[in-house]
Amino acid sequence: MPSNEQRRASAKRKLERQLERRAQQARRRRTLAIIGGSVAAVVVTAAIVATVVLTNHDDKKTSASSDTSSSAAPSAKGAPLPAFKPNDTIGADCQYPPSGQPAKPANLPRTGKVPTDPAQVSVSMVTNQGHIGLLLSNNESPCTVNSFASLAQQKFFDGTKCHRLTTSILQCGDPSADGTGGPGYRFADEYPVDQYPPGDPAAHEPVIYPRGTLAMANSGPNTNGSQFFLVYKDTPLPPAYTVFGKIQQDGLATLDKIAKGGIAGGGEDGPPASEVTITSVRLD
């Protein structure tokens with residue numbers, strides 16, 4: 001039979017174990033509360049980032065685009081695009097490394113040094129909704145113009161649908177018509193991205209992509225492919241999308257007509273309610 005002293009010692013050890021378990025449970029509850037708060041913060045942050053990515057068409061489901069394209073309800077608040085400053089590296093070494101399977105067969109554009117003269121290249125884009133005249137900025141974004149012209153000459157855009165309309169942009173250039181397709185290669189960003197030195201915080205501040213801007217969608221830095229977007233209303237975006245031309249007046253009239261038709265489902269970002277198909281893209 002255990003003695004009274006042994007029983008007291010056993011009871012004391014039992015009490016100590018209970019107290020330790022309670023302390024552990026209290027610490028666990030505090031830890032879970034901290035983790036829960038952190039997860040909530042991460043979820044909120046992720047939601048904000050996802051909204052930015054979706055509204056800025058940065059991913060391939062855009063992204064423009066990266067690749068892409070625009071604010072769902074732009075406030076048109078932001079600094080103007082930076083003034084273009086030429087330098088010796090522009091168009092000096094255009095490279096188009098492989099990037100997955102092409103949505104439609106396409107040959108690589110010419111690589112290496114490309115001409116920046118003429119400064120502008122006129123292009124006629126015909127859609128089932130009307131004509132869209134473009135003036136490409138060969139002196140500012142020659143590698144981009146080189147790619148676009150190459151794809152146009154290969155009839156890469158012919159018969160493709162413009163898959164995305166927002167309250168300020170129309171996004172096109174994906175033969176798969178779902179925002180995931182491209183030409184099977186990628187290339188580096190140009191104007192206005194190249195106007196900011198590395199690490200410049202201004203490169204992340206919104207600027208206005210004005211009405212009439214033609215720019216590349218992307219899925220992150222230097223992931224340009226074939227998707228592009230046409231701005232029909234001033235749109236605030238980070239200066240992360242290569243501008244490579246302007247939309248002429250006939251094109252803006254066509255875009256206004258498409259925008260007036262609305263977005264499928266009545267939302268602020270989705271396929272155009274009236275299907276937009278590119279019939280042809282030709283250099284003038």
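All values reported here derive from a predicted model rather than from experimental measurement. (Residues numbered from 1 in each chain as written. Predicted model: local features only at pLDDT ≥ 70, side-chain atom pairs only at ≥ 80, totals over all residues. Heavy atoms only, no water.)

Student: Sorry if this is basic, but what is going on with the sheet that holds strand β6 (residues 207-209) here?
Tutor: Hydrogen bonding along the main chain pairs the strands of a sheet, whether they run parallel or antiparallel. In spatial order, the strands read β1-β6-β9; together these 3 strands make up an open sheet with mixed pairing. With one partner strand each, in any of the chains shown, β1 (79-80) and β9 (235-237) form the two edges of the open sheet. Where β6 lies against β9, 3 bridges are found, and the strand directions are antiparallel. Its bridge partner being in β9, Tyr209 is matched across the sheet by Thr235. (Pairing = 2+ DSSP bridges. Helix = DSSP H or I, 4+ residues; strand = E, 2+ residues; numbered from the N terminus.)

Student: Can you walk me through the packing of aromatic side chains in this structure?
Tutor: Per the counting criterion, the structure on display carries 12 aromatic pairs. Relative to Phe228, the ring of Phe148 lies with its centre 5.5 Å away and its plane at 85°, an arrangement referred to as edge-to-face. Residue Phe148 is found in helix α2 (residues 142-153), and its partner Phe228 is found in strand β8 (residues 228-231); the two are separated by 80 residues along the sequence. Accessibility classification places Phe148 together with Phe228 in one group, the buried group. Members of the aromatic cluster, each reached through a chain of ring pairs, are Phe148, Phe156, Phe157, Phe228 and Phe244. (Phe/Tyr/Trp six-rings, centres within 6.5 Å; stacked < 30°, edge-to-face > 60°. Buried < 20%, exposed > 50% of the residue type's maximum accessible area, 1.4 Å probe, protein only.)

Student: I keep staring at the pattern of salt bridges and nothing clicks. Help me out?
Tutor: Within this structure, the stated rule accounts for 4 salt bridges. Across the salt bridge formed by Lys161 and Glu275, the nearest N and O atoms sit 3.2 Å from each other. With Lys161 in the loop between α2 and β4 (164-166) and Glu275 in the loop between β11 (269-270) and β12 (278-283), this pair connects stretches of sequence that are 114 residues apart. In this structure Lys161 comes out as partly exposed when scored by relative accessible area, which is 36%. Take Glu275: its relative accessible area is 43%, and that puts it in the partly exposed class. Between Arg164 and Asp269 there is a salt bridge, with its nearest N and O atoms 2.5 Å apart. You can see Arg164 sitting in strand β4 and its partner Asp269 sitting in strand β11, a full 105 residues away along the chain. Since its relative accessible area comes to 4%, Arg164 is described here as buried. The partly exposed category is assigned to Asp269, whose relative accessible area is 36%. (Salt bridge = Lys/Arg side-chain N within 4 Å of Asp/Glu carboxyl O.)

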